[in-house]
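Letter by letter, the chains look like this.
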Amino acid sequence: MSALATQGLVKSFGDKLVLSGLDLQVNHGSITAILGPSGCGKTTLLRIVAGFVEPDAGVVRLGDRTVVGNGRSVAPQRRRVGYVPQEGALFPHLDVAANITFGLPRALRGGPRIGEMLELVELPRSIAGRYPHELSGGQQQRVALARALAPEPAMVLLDEPFSSLDASLREGTGRSVVRALRAAVATAVLVTHDQNEALSLADQVGVMRKGRLAQVGSPTEVYRAPVDPEIAVFVGGATVLPAQVYDGLARCALGVLSVPHAQARGDAQVLIRPEQIQVDDGHEDGVAARVTEVSFYGHDAALRLDLLPSGPHVVARTIGSAVPPTGAIVRLRVSGAVTLFDPARPGALATDLA
Ligand SMILES: Nc1ncnc2c1ncn2[C@@H]1O[C@H](COP(=O)(O)OP(=O)(O)OP(=O)(O)O)[C@@H](O)[C@H]1O
Ligand SMILES: [Mg+2]
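A short tour of the structure in this document, coming up. (Residues numbered from 1 in each chain as written. Chains lettered and ligands numbered in written order. Predicted model: local features only at pLDDT ≥ 70, side-chain atom pairs only at ≥ 80, totals over all residues.)

Further remarks concern the overall build of the protein chain. Counting secondary structure elements, the protein chain contains 8 helices and 22 strands. For the C-alpha atoms alone, the extent of the protein chain along its principal axes is close to 75 × 50 × 35 Å. Counting over 354 residues, the protein chain shows a buried share of 39%. Look at the contacts in the protein chain between residues 6 or more apart in sequence, and 64% of them connect residues 24 or more apart. (Helix = DSSP H or I, 4+ residues; strand = E, 2+ residues; numbered from the N terminus. Buried ≥ 20, exposed ≤ 12 C-beta atoms within 10 Å, placed from the backbone. Contact = placed C-beta atoms within 7 Å.)

Turning next to the site of ligand 1. Residues in contact with ligand 1 amount to 13 residues; listed here are only the nearest, Phe13, Ser38, Lys42, Thr43 and Thr44. Residue assignment for the shell around ligand 1 shows that the elements contributing at least two residues are β2 (16-26) and α1 (42-50). In terms of residue count, the dominant contributor to the shell around ligand 1 is α1 (3 residues). Class assignment for the residues of the shell around ligand 1 results in 3 nonpolar, 8 polar and 2 charged. (Near = placed C-beta within 6 Å. Nonpolar A, V, L, I, M, F, W, Y, C, P; charged D, E, K, R; others polar.)

By the bridge criterion, 7 bridges tie strand β12 (residues 239-246) to strand β15 (residues 266-272) in an arrangement that is antiparallel. Each residue of the ladder has a partner; that of Gln244, found in β15, is Asp267. For β12 and strand β13 (residues 249-252), the ladder comprises 3 bridges, and the chain directions are antiparallel. Bridging across to β13, Gln244 finds its partner in Arg251. With antiparallel pairing between neighbouring strands as the criterion, β12 and β13 make up a hairpin whose turn holds 2 residues, including Asp247 at a positive phi of roughly 45°. (Pairing = 2+ DSSP bridges.)

The next subject is the sheet that holds strand β5 (residues 65-69). With antiparallel pairing, 5 strands are arranged side by side in an open sheet as β2-β1-β4-β5-β6. In this open sheet, the two strands that pair with only one neighbour each are β2 and β6 (72-73). Of the pairings in the sheet, the one linking strand β1 (residues 4-13) to β2 comprises 8 bridges and is antiparallel in character. When the bridges of β2 are listed, Leu4 appears paired with Val26.

This brings us to the nonpolar core. Most often, soluble globular proteins keep nonpolar side chains buried together rather than apart. Ranked by internal contacts, the top residues of the largest apolar core, which has 92 residues, are Leu157, Ala250 and Val270. Ranked by residue count, the leading element in this core is helix α4 (residues 137-149), at 6 residues. Formed jointly, this core draws a minimum of three residues from each of two domains, domain 1 (4-224) and domain 2 (237-351). Ignoring sequence-local partners within four residues, the contact set of Val270 consists of Leu241, Ala243, Ala250, Cys252, Leu257, Val338 and Leu340. (Core = buried A, V, L, I, M, F, W, Y, C linked by C-beta atoms within 7 Å. Domains from an automatic or database assignment.)

Here the focus is α1. Along α1, 7 of the 9 residues are buried, which leaves the element largely enclosed by surrounding structure. Along α1, the residues that are buried comprise Lys42, Thr44, Leu45, Leu46, Arg47, Ile48 and Val49. Taken from the residues just after α1, Gly51 is the one with a positive phi, measuring 105°.

So, on to the environment of Val227. Here Val227 shows up in the loop between α7 (219-224) and α8 (229-234). When the 20 C-beta atoms within 10 Å are taken as the criterion, Val227 is described as buried. A C-alpha to C-alpha distance of 18 Å links Val227 and Asp203, two positions 24 residues apart in sequence.

The N-to-C vectors of α4 and helix α5 (residues 167-183) enclose an angle of 20°; their axes lie 10 Å apart at closest approach. Taken together, the axes of α4 and α5 are roughly parallel relative to one another. Like other packed secondary-structure pairs, α4 and α5 cross with a definite hand, here right-handed. In contact with Gly137, Gly138, Gln141, Arg142 and Leu145 of α4, α5 contributes Leu169, Thr173, Ser176, Val177 and Ala180. Its residues assigned to classes, the contact of α4 with α5 shows 4 nonpolar, 5 polar and 1 charged. (Axes fitted to C-alpha atoms, helices over the stretch in contact; angles between N-to-C directions. Parallel < 35°, antiparallel > 145°, perpendicular 65-115°, else oblique. Left-handed = near helix turned anticlockwise from the far one by under 90°.)

Below you can see the structure in the form of structure tokens.
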């Protein structure tokens, strides 16, 4: 049995259909990231699960309890769901200790719980008496998580918990939140519009589109075997090129690529991830291209290249020590398995995940 299951969730605000039949299953003790663009209905989904919004139709189950559906709606405080909202998570007039124990029965408020919760979220006990405005953004996020976890909820919902943090704080806070969730053996749903966050933190990623989950899978599944080009581009850098497929080969602007398990023949599209394109400035073979843009990140660099003489542009990633300059003429080769999209059968893929 899943820790959380939603079935056919529908929700409109006025004449705007936000959720159009959303199904989701979350296993006990796992972390699911819901990934989707701004305004697609991520917060609405969490608020329905938490009980702050009633869906127009559909069922929500938490473990073996139906909390919404079949004419039933369990009050939010009786769902055993911890909710960390997108903004303003902490009470500004309460110190850290009072924030953390806010949802606990009075008898438990003074005990060792505060220290335990601070330890769980990797904060020093010495900050218990501080107020939210005396904490950094990352510390505030961790206190908010500690408050959500303190009553030992069956399920924790986190709405873009790291969106207000700068890049350097974001990754560390994300990691420490995930460690705390795992240590508490909590089941969590985390909403984000950042694909790196979704792929790196979660066990399961659901990609929202048009009010539903267009794909649900492990991070490697959605990255390596996206169900269509739109999701491919949404979950990471991607070059999608038209191709002709025959006999386990795909002919495209980047050469003839091997797709050994492909069932398709005829016109298709291939997905090539930036790290699959090898850039070589000494080699004779490969497809000639001109570097038009270099984004240097230190550990690696992203290159935008125009295929010569007048081909489409592609995106490649190279390690930081071997970055050609803008304007350089290089040779490109594709390594590893590529994903094939068959335009005649959307969603039905012939993929090679070898
Ligand atoms: N209470 C409400 N009344 C009217 N419209 C609403 C309400 N709540 C949400 N909406 C609308 O529903 C849509 C989905 O909103 P929601 O907040 O769920 O999106 P989101 O995916 O969380 O976006 P973001 O990434 O910007 O937080 C938006 O168009 C929003 O304007
Ligand atoms: Mg939102």
